[in-house]
Amino acid sequence: MAALSRAAVALAVPVAAWQALVLVLAPPRYVLPAPAEVLAAAWRQPQYLAHHTLVTLSEIAAGFAAGAGVGVAVAFGLAALPRLGALVWPLVLVAQALPVFVAAPVLVLWFGFGMASKVAMTTLIIFFPVASAFADGLRRTDRDLVEAAQLARASHWRTLVDIRLPLALPSLVSGLRVAAPLAPLGAVIGEWVGASAGLGFVMVQANARMQTDTVFAAMAILAVLALSLRAAVDRLAPRLAPWARER
Amino acid sequence: MIRILFFAILAALAAASPARAQDRLTVLLEWFVNPDHAPLVVARELGLFEKAGLAVELVPPADPSIVPRAVASGQAEIGIHYQPNLYLDHAAGVPLVRFGTLVETPLNTLTVLADGPVRAIADLAGRTVGFSVSGFEDAMLGRMLANAGVDPESVTLVNVNFALTPSLLGGKVDATIGGFRNFELTQMRLEGAEGRAFFPEEHGVPAYDELIFVTRPELAGDDRLKRFLAAVEQGAIHLTNHPQESWELFVRAYPDLDDALNRQAWADTLPRFAKRPFALDRARYARFGAFLAEAGLIGKAPAVADIAVELQ
């Protein structure tokens, strides 16, 4: 409860500053609408915004799940087959280095204008932080423990599954927490490039019609989604590694 | 010593500048330079702007949707814009007025593959149409569909951004709207596919000017605009009288546009330039406003005097 009221206060300050700025500078409404106008824009079209919010939310959720899954699988695969890892990891780095705005139109051409391309975009953005963090965790297991396992004649696979994997879970949690804010980004970029629904689509349409208040309303909803996803991951991910809870 | 040097440099700079001060004008284009801008480029290459005492800069936009806001807020004196969007801008409180016409026919087209399943607009029922965001494509498509007796709700609109031709060729959409008849059809032909075009003004949409010159209302009486438009008019007439020579002027200025697509687009656009850019057809503007209001895109059609002026 205290956290919520703190969040409310933290939110109220910039919104009040924004309103004051609009009152003092009186910019044209198509450049910077007042918070009241943004709220009015959201009030005017609740079903429209709700429908598109749901679309983006499902893209974010599916993309986050897929990206995290692929990231875990890739990191685990690299640890299980180290020689293959040496070949595959540079490819992974190249895929990550590609600017997202370049990949987006290509993904849309391959996967079409429906949800698939947005989920693919989100997966692409999410998977590297997750894979990188988890792979690091798997790689950096305490030397003493690994050597103790070798003394007990444990196979590479047993060492990996029984010792390195559980000890790498806190790193995976960090990776998930870093990746969470990126998921909405992937969904929206995918929608900008080609879509018929979603908050990114709403923003592009409203922008073309000079309806800046609707653009801001969609942005505000997106911010709420991003924060909620972040909060959810912060809450749930540490359950993967309950022994590593921060004090 | 330093002071003498300073004044000497100042004098040299003053002597090097042109004898007559040129009035500056920034023209924000609606897209990259292309044959749609022929009258402007021809006027510039013939020295007509210079003769009128104008230093005109043609600036392509990084983001096409920025043009009305940039012109309204003073970042450019002149913008090239679309007549249909002028009404939407007015409804959104963006202060702009039309003061001249560049292209006086619609260019927007509903395009399908010639050998595809869509032979007439009525065949679009239940199909997908791709559009690039212009703000009023659903009003235009809605009218064309209603004209053919199709329920607009049965057609899915997908924003394909600017990938109109690739999405049509790739079968991702059954039709596209927002392509220009003087460009996208040629583009398709060069990729080996024949397109069939349905022109909005032939299917229930009132005729309009595709490209117009806009400025902010305070500048409407500015003398620079009058001299600018007079030079553009001369350029348009020169184009009409000497099309081949004008094309050579155009590609000398923009050698990277000397290709099959632009050559064909040049020929296709020639008949569509306004030879009387000053003239304003008030009744036609009012008719289009009424159409947009009826389509529900704007609340009420604005008075033509609020959105368009005819320079005297």
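Residues numbered from 1 in each chain as written. Chains lettered and ligands numbered in written order. Predicted model: local features only at pLDDT ≥ 70, side-chain atom pairs only at ≥ 80, totals over all residues.

Asks: So what's going on with the overall build of chain B? Which residues, and what values?
Replies: Summing up its helical and strand segments, chain B has 13 helices and 10 strands in all. For 312 residues, the compact-globule estimate of 2.2 N^0.38 gives 20 Å, and the C-alpha radius of gyration of chain B, at 22 Å, lies within 12% of that figure. Along the three orthogonal principal directions, the C-alpha set of chain B runs to about 85 × 45 × 40 Å. Look at the contacts in chain B between residues 6 or more apart in sequence, and 83% of them connect residues 24 or more apart. (Helix = DSSP H or I, 4+ residues; strand = E, 2+ residues; numbered from the N terminus. Rg over C-alpha atoms; globule rule 2.2 N^0.38 Å. Contact = placed C-beta atoms within 7 Å.)

Asks: Tell me what's going on with the interface of chain A and chain B, and back it up with residues and numbers.
Replies: Chain A puts 20 residues into the contact, and the matching count from chain B is 22 residues. When residues of the side of chain A that touches chain B are traced back to their parent elements, those giving at least two are α5 (100-111) and α10 (199-208) of chain A. Sorting elements by how many residues they give to the side of chain A that touches chain B places α10(A) first, with 5 residues.

Asks: Could you give an account of the pairing of strand β10 (residues 211-215) of chain B, with specific residues and numbers?
Replies: All names here are of chain B. Burial of β10 is extensive: 5 of the 5 residues sit out of reach of the surface. Judged by which residues are buried, β10 turns out to be covered on both faces: L211, F213 and T215 on one side and I212 and V214 on the other are all buried. Across 3 bridges, the pairing between strand β3 (residues 78-81) and β10 is antiparallel. Of the residues in β10, the one forming a bridge with G79 is V214. (Buried ≥ 20, exposed ≤ 12 C-beta atoms within 10 Å, placed from the backbone. Pairing = 2+ DSSP bridges.)

Asks: Kindly report on helix α4 (residues 82-97) of chain A, identifying the contributing residues and their values.
Replies: With 16 residues, α4(A) should cover 22 Å at 1.5 Å per step; its first-to-last C-alpha distance of 22 Å lies within 8% of that length. With 0 of 16 residues buried, α4(A) is to be regarded as a mostly surface element. (Expected span 1.5 Å × (residues − 1).)

Asks: Break down the pairing of strand β7 (residues 156-159) of chain B for me, citing the residues and quoting the values.
Replies: Residue and element names in this part refer to chain B. Looking at chain direction, strand β6 (residues 128-131) and β7 are connected through 4 bridges and run parallel. Within the sheet, the bridge partner assigned to G130 lies in β7 and is V158. Remark: the β6/helix α6 (residues 137-147)/β7 crossover connection has right-handed handedness. (Right-handed = clockwise from strand over helix to strand, strands pointing away.)

Asks: Explain the packing of helix α3 (residues 46-80) of chain A against helix α8 (residues 156-179) of chain A to me, using residue names and the numbers behind them.
Replies: All names here are of chain A. Close contact between α3 and α8 brings their axes to 11 Å; oriented N to C, the two are set at 145°. Regarding α3 and α8, the two cross each other, and that crossing is right-handed. Where α3 approaches α8, its residues G67, A68, G71, V72, A79 and A80 are matched on the opposing element by L160, R164, L172, G175, L176 and A179. Its residues placed into classes, the contact of α3 with α8 shows 8 nonpolar, 3 polar and 1 charged. (Axes fitted to C-alpha atoms, helices over the stretch in contact; angles between N-to-C directions. Left-handed = near helix turned anticlockwise from the far one by under 90°. Nonpolar A, V, L, I, M, F, W, Y, C, P; charged D, E, K, R; others polar.)

Asks: How would you explain the sheet that holds strand β5 (residues 108-113) of chain B if you had to name every residue and give the values?
Replies: Within a sheet, each strand pairs with its neighbour through backbone hydrogen bonds, oriented either parallel or antiparallel. Residues and elements named next belong to chain B. Pairing is mixed in the open sheet, where 5 strands are placed in the order β7-β6-β8-β5-β9. Only two strands of the sheet have a single neighbouring strand rather than two, namely β7 and β9 (195-198). Put simply, the sheet's adjacent strands are angled 35° from each other on average, direction ignored. Set on the sheet, α6 makes contact with β5, β6, β7, β8 (175-180) and β9; between it and β8 the angle comes to about 120°.

Asks: Could you give an account of the nonpolar core, naming the residues involved and the relevant values?
Replies: In this structure, A:V130, A:F134, A:L176 and B:V27 are the most contacted members of the largest nonpolar core, which totals 141 residues. Per-element tally for this core: the top contributor is helix α6 (residues 115-139) of chain A, with 14 residues. Both domains that meet at this core, namely domain 1 (21-105 + 209-307) and domain 2 (108-202) of chain B, each give it at least three residues. If we ignore the near neighbours within four places in the chain, the residues touching A:F134 are A:G71, A:V72, A:A75, A:A168, A:S171, A:L172 and A:G175. (Core = buried A, V, L, I, M, F, W, Y, C linked by C-beta atoms within 7 Å. Domains from an automatic or database assignment.)

Asks: Explain the domain arrangement of chain B to me, and be specific about the residues and the numbers.
Replies: All names here are of chain B. When cut into domains, chain B gives domain 1 (21-105 + 209-307) and domain 2 (108-202). Of all the secondary structure elements, the ones that give two or more residues to the side of domain 1 that touches domain 2 are α5 (83-91) and α11 (260-269). Sorting elements by how many residues they give to the side of domain 1 that touches domain 2 places α11 first, with 6 residues. The residue inventory of the side of domain 1 that touches domain 2, partitioned by class, reads 9 nonpolar, 3 polar and 2 charged.

Asks: Any details on the packing of α5(A) against helix α9 (residues 182-193) of chain A? Residues and values, ideally.
Replies: Residues and elements named next belong to chain A. Relative to each other, α5 and α9 sit at 60°, their axes nearing to 9 Å. By the criterion of interaxial angle, the relationship of α5 to α9 is oblique. For the crossing formed where α5 meets α9, the hand is right-handed. Facing V100, F101, A104, P105, L107 and V108 of α5, the residues of α9 in contact are I189, G190 and V193. When grouped by side-chain class, the residues that make up the contact of α5 with α9 number 8 nonpolar, 1 polar and no charged. (Parallel < 35°, antiparallel > 145°, perpendicular 65-115°, else oblique.)

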